Amino acid sequence: MYIEYRRIYNIHVRDPSIQQTAPGLWIQSKAWDAFWILSSIWLLFGLLLATIANAEPIFITCCLTVGVLFSSFHTAGSLSTYFFSPQLAPYRRSQWFKFFLIPALISAITIGLVTIGVKYDLSIFAENTRNHFNTYILLATVYFSWNTWHCSFQHFGVFSIYRLRAGRDEPRFRAFDKYYCLFLTFVLVPLTWFDEQRHLGFIFQYFPPPSKGFFSGVIAIYLAIASFVLFTGVELLTRSPSPPRILYAATVALQPIMSFISFELYLLFFQLPHWITETGILSRVHINYAKKVGVTKNYFSSVWLCLLAFLALVVIYSMNKGSNFLGSWYRTGRFDYAVLDNGISDMNLILLQGSFLSFVFLHFYVETYLYRASDQVTRDGIIAHILSDR
């Protein structure tokens, strides 16, 4: 979720479609925010209890199994909202280039690069230069860079919502939030998980061997803790301190620490909370919109259509497997990523990987516009229903 808050404070104060009642510090309620926005906190307590009970593999496997559903909802939800929601219909009619041509090009380029990566025989090149000609390197770099940037600005969007709830939108606070998110998520998290890629398969295996060592990961952890202490101090010194902002800053600071421990905990504390938060925010948008205009028979049909298409890829992928990918953690304590692309024909591999990456890249792309506060249509159709207190 990326929200551009350059002008949102004035919108919140002056636009009657957004200003409903005097907002509290929480987006909806303490319980709602605790589940949807601050999920890293209860995931951490669950992990600690599971570790004490010697049930950590079962806990992580169950969380990531449920995470597949949240991932599907958050991807399909943003795509269906962007392409099919009635509140963005005026935007689609006037911006066909952004809505149709660019997404088509992203899908075509992605599937083309996957096809080259699967079909192209690299054996004619020397082994030490072979990776330089593999398009999976480009796909992996784009995926991890865009995904990390994407998650960084979801954090910034959530901080901005809480900042507005606290009645603050001075430029210095916006800048501080932005740099905190970028430093923790876009700098420290990659520092801590990069060496884990050597255990992975699929496109991860095409990264060059990692050069970082244990020492840089420890530095990243100390910097994460120091950044959180600084954020808390600045927040407490403001005229209207916000406990939800401090709690959310703690969840962001937790991500580099958990990512340093293992890639599985990176998924559990970086990706899973991102999926849960996006699902909660989108559900709030659609529910508030439905309350405003009344629920029609086919209002949620487009969401389910995208969701089923995304889940179909997961089901088809699983049916081609002789072993259970998630079960590999339970059996061995580490995911066996090799099962993801072994025993599948080239054509099926192209269709599955190409379609999956196209879905993901399109999701990244549409969210650069979906929460853009500088556009009147998205202000009225999306952001108004995030901030609404209906």
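As the structure is a prediction and not an experimental result, all values here were calculated from the model. Every chain's residues receive numbers from 1 upward, in the order its sequence appears when written. For this predicted model, a pLDDT threshold of at least 70 governs which residues receive local features, and a threshold of 80 or more governs which side-chain atom pairs are given and counted, while totals over whole chains, interfaces and linings are taken from all residues. Note that the side-chain values use all heavy atoms of the structure and ignore hydrogens as well as water.

Participant: I keep staring at the overall build of the protein and nothing clicks. Help me out?
Facilitator: Helix and strand assignments come from DSSP, with helices taken as H or I runs of at least 4 residues and strands as E runs of at least 2, each series counted from the N terminus. The number of helices and strands found in the protein is 15 helices and zero strands. Only protein chains enter the calculation, and the probe is 1.4 Å; a residue is then buried if its accessible area is under 20% of its type maximum, exposed if over 50%, and partly exposed in between. Taking all 390 residues of the protein together, the buried fraction comes to 54%. Here, residues are in contact when the closest pair of their heavy atoms is within 4.5 Å. Restricting the contact set of the protein to residue pairs at least 6 apart, pairs at least 24 apart contribute 78%. A total accessible area of about 17,400 Å² is found for the protein, and carbon and sulfur atoms account for 68% of it. To be clear on the numbers: accessible area is Shrake-Rupley with a 1.4 Å probe, and residue cover counts the displayed protein chains and nothing else.

Participant: Even after reading the chapter, I still don't get unusual backbone geometry, so can you show me in this structure?
Facilitator: Comment: phi is negative for the bulk of residues other than glycine, and the bulk of peptide bonds are trans. Even without being glycine, asparagine 54 reaches a positive phi, approximately 60 degrees. On the secondary structure map, asparagine 54 appears in the loop between helix H3 (39-52) and helix H4 (56-84).

Participant: How should I be thinking about the nonpolar core in this particular structure?
Facilitator: One broad trend across soluble globular proteins is that nonpolar side chains are buried collectively. Residues grouped as a nonpolar core are buried Ala, Val, Leu, Ile, Met, Phe, Trp, Tyr and Cys residues, joined through side-chain atoms within 4.5 Å. The biggest cluster of nonpolar side chains holds 81 residues, and the ones touching the most others in it are Ile37 and Leu268. Examining the composition of this core, we find that 13 residues originate from one element, helix H11 (residues 263-293), more than from any other. Apart from the residues lying within four places of it in its own chain, the contact partners of leucine 268 are Leu43, Phe59, Ile60, Cys63, Leu64 and Pro273.

Participant: What should I look at first to understand a nonpolar patch on the surface in this one?
Facilitator: Where nonpolar side chains cluster on the molecular surface, the patch consists of Trp149, Phe183, Phe186, Val187, Leu191, Ile219 and Leu223 and spans about 540 Å² of accessible area. Only helix H8 (171-193) and helix H9 (214-236) provide two or more residues apiece to the nonpolar patch. Residue contributions to the nonpolar patch peak at four residues, all from H8. Its relative accessible area of 37% is what places valine 187 among the partly exposed residues. Patches draw on residues past 30% relative accessible area with no salt bridge. Two like charges within 9 Å are joined, as are two nonpolar side chains (Val, Leu, Ile, Met, Phe, Trp, Tyr) within 5 Å. The term salt bridge refers to a pairing of a side-chain nitrogen on Lys or Arg with a carboxyl oxygen on Asp or Glu at a separation within 4 Å.

Participant: Help me out: how do you make sense of the confidence of the model for the protein in this one?
Facilitator: A low pLDDT means the predicted coordinates there should not be read in detail. Taken as a whole, the protein shows an average pLDDT of 75; of its residues, 69% reach a score of 70 or greater. Averaged pLDDT values over the elements of the protein bottom out at 41 in helix H1 (residues 8-14) and peak at 93 in helix H2 (residues 30-36). The quantity known as pLDDT measures the predictor's confidence residue by residue, on a range of 0 to 100. Here residues 2-22 is a poorly scored stretch, pLDDT under 50, and it has 54 contacts once near neighbours within four places are set aside; other chains count. In the predicted structure, residues 319-324 sits below a pLDDT of 50 and forms 10 contacts with residues beyond four places in sequence or in another chain.

Participant: Explain the pattern of salt bridges here, please?
Facilitator: When their charged atoms lie close together, side chains carrying opposite charge are able to pair. Evaluated as defined, the whole model comprises five salt bridges. When the shortest N-O distance is used, the salt bridge between arginine 239 and glutamate 170 registers 2.6 Å. Here arginine 239, found in the loop between H9 and helix H10 (243-261), pairs with glutamate 170, found in the loop between helix H7 (135-165) and H8; they are 69 residues apart in sequence, far enough to count as distant. Residue arginine 239 is classed as exposed on the basis of its relative accessible area of 59%. Put simply, arginine 245 and glutamate 235 hold a salt bridge, and the shortest N to O gap is 2.9 Å. One end of the pair, arginine 245, is in helix H10; the other, glutamate 235, is in helix H9, with 10 residues separating them in the sequence. Accessibility expressed as a relative area gives 2% for glutamate 235, which makes it buried. What emerges from the salt-bridge pattern is a single network uniting Arg163, Arg168, Asp177, Glu235 and Arg245.

Participant: Hey, could you run me through H10 in this one?
Facilitator: Side chains that are three or four residues apart share a direction in an α-helix, a result of its 3.6 residues per turn. What a helix is expected to span follows from its residue count: subtract one and scale by 1.5 Å. The end-to-end C-alpha distance of H10 is 28 Å, a good match for the 27 Å that 19 residues give at a rise of 1.5 Å each. The principal kink in H10, of about 25 degrees, is found at glutamine 255, preceding the proline proline 256 by one to four residues. Counting buried residues in H10 gives 14 out of 19 residues, a clear majority hidden from the surface. Note that the bend at a residue is defined as the angle between axes fitted to the seven residues ending at it and the seven residues starting at it.

Participant: Mind showing me how you'd approach the packing of H10 against H11 here?
Facilitator: The axes of two packed helices give the description: the angle between them and the distance between them. For helices, the axis comes from a line fit to the C-alpha atoms of the stretch in contact; other axes are also lines fit to C-alpha atoms, and the angle between any two N-to-C directions lies between 0 and 180 degrees. Their axes nearest at 6 Å, the elements H10 and H11 cross at an angle of 160 degrees. The angle between H10 and H11 places the two elements in the roughly antiparallel class. Classified by chirality, the crossing of H11 by H10 is left-handed. Here Leu254, Gln255, Met258, Ser259 and Ile261 of H10 come into contact with H11, specifically with Leu265, Tyr266, Phe269 and Phe270. Roughly parallel means an angle under 35 degrees; roughly antiparallel means over 145; roughly perpendicular covers 65 to 115; every other angle is labelled oblique. Crossings are assigned a handedness: left-handed for a near helix turned anticlockwise from the far helix by less than a right angle, right-handed for a clockwise turn.

Participant: Help me understand the packing of aromatic side chains, please; the structure alone is not making it clear to me.
Facilitator: Here a ring pair, both rings aromatic, is described through the centre-centre distance and the interplanar angle of the planes. Between rings of Phe, Tyr and Trp, where Trp is taken as its six-membered ring, a pair exists when centres lie within 6.5 Å; planes separated by under 30 degrees are stacked, by over 60 edge-to-face, and by other angles tilted. Overall, the coordinates contain 24 aromatic pairs when judged by the stated rule. With a centroid separation of 5.5 Å and an interplanar angle of 55 degrees, the aromatic rings of tryptophan 146 and phenylalanine 364 are classed as tilted. Residue tryptophan 146 is located in helix H7, and its partner phenylalanine 364 is located in helix H14 (residues 346-370); the two are separated by 218 residues in the primary sequence. By relative accessible area, tryptophan 146 is classed as partly exposed at 25%. For phenylalanine 364, a relative accessible area of 3% puts it in the buried group. With 5.1 Å between their ring centres and 80 degrees between their planes, phenylalanine 159 and tyrosine 248 make a pair best called edge-to-face. Highlighted residues: phenylalanine 159 in helix H7 and tyrosine 248 in helix H10, separated in sequence by 89 residues.

Participant: Which parts of the structure should I look at to understand the side chain of threonine 238?
Facilitator: Within the secondary structure, threonine 238 sits in the loop between H9 and H10. With residues up to four places along the chain from it excluded, the contact list for threonine 238 reads Arg168 and Phe173.

Participant: Is there a simple way to explain the environment of valine 189 in this structure?
Facilitator: On the secondary structure map, valine 189 appears in helix H8. Owing to a relative accessible area of 0%, valine 189 belongs among the buried residues under this scheme. For the pair formed by valine 189 and methionine 258, sequence separation is 69 residues and the distance between their alpha carbons is 9.1 Å. In contact with valine 189, not counting residues within four places along its chain, are Leu184, Gln255, Pro256, Ser259, Tyr266 and Phe270.

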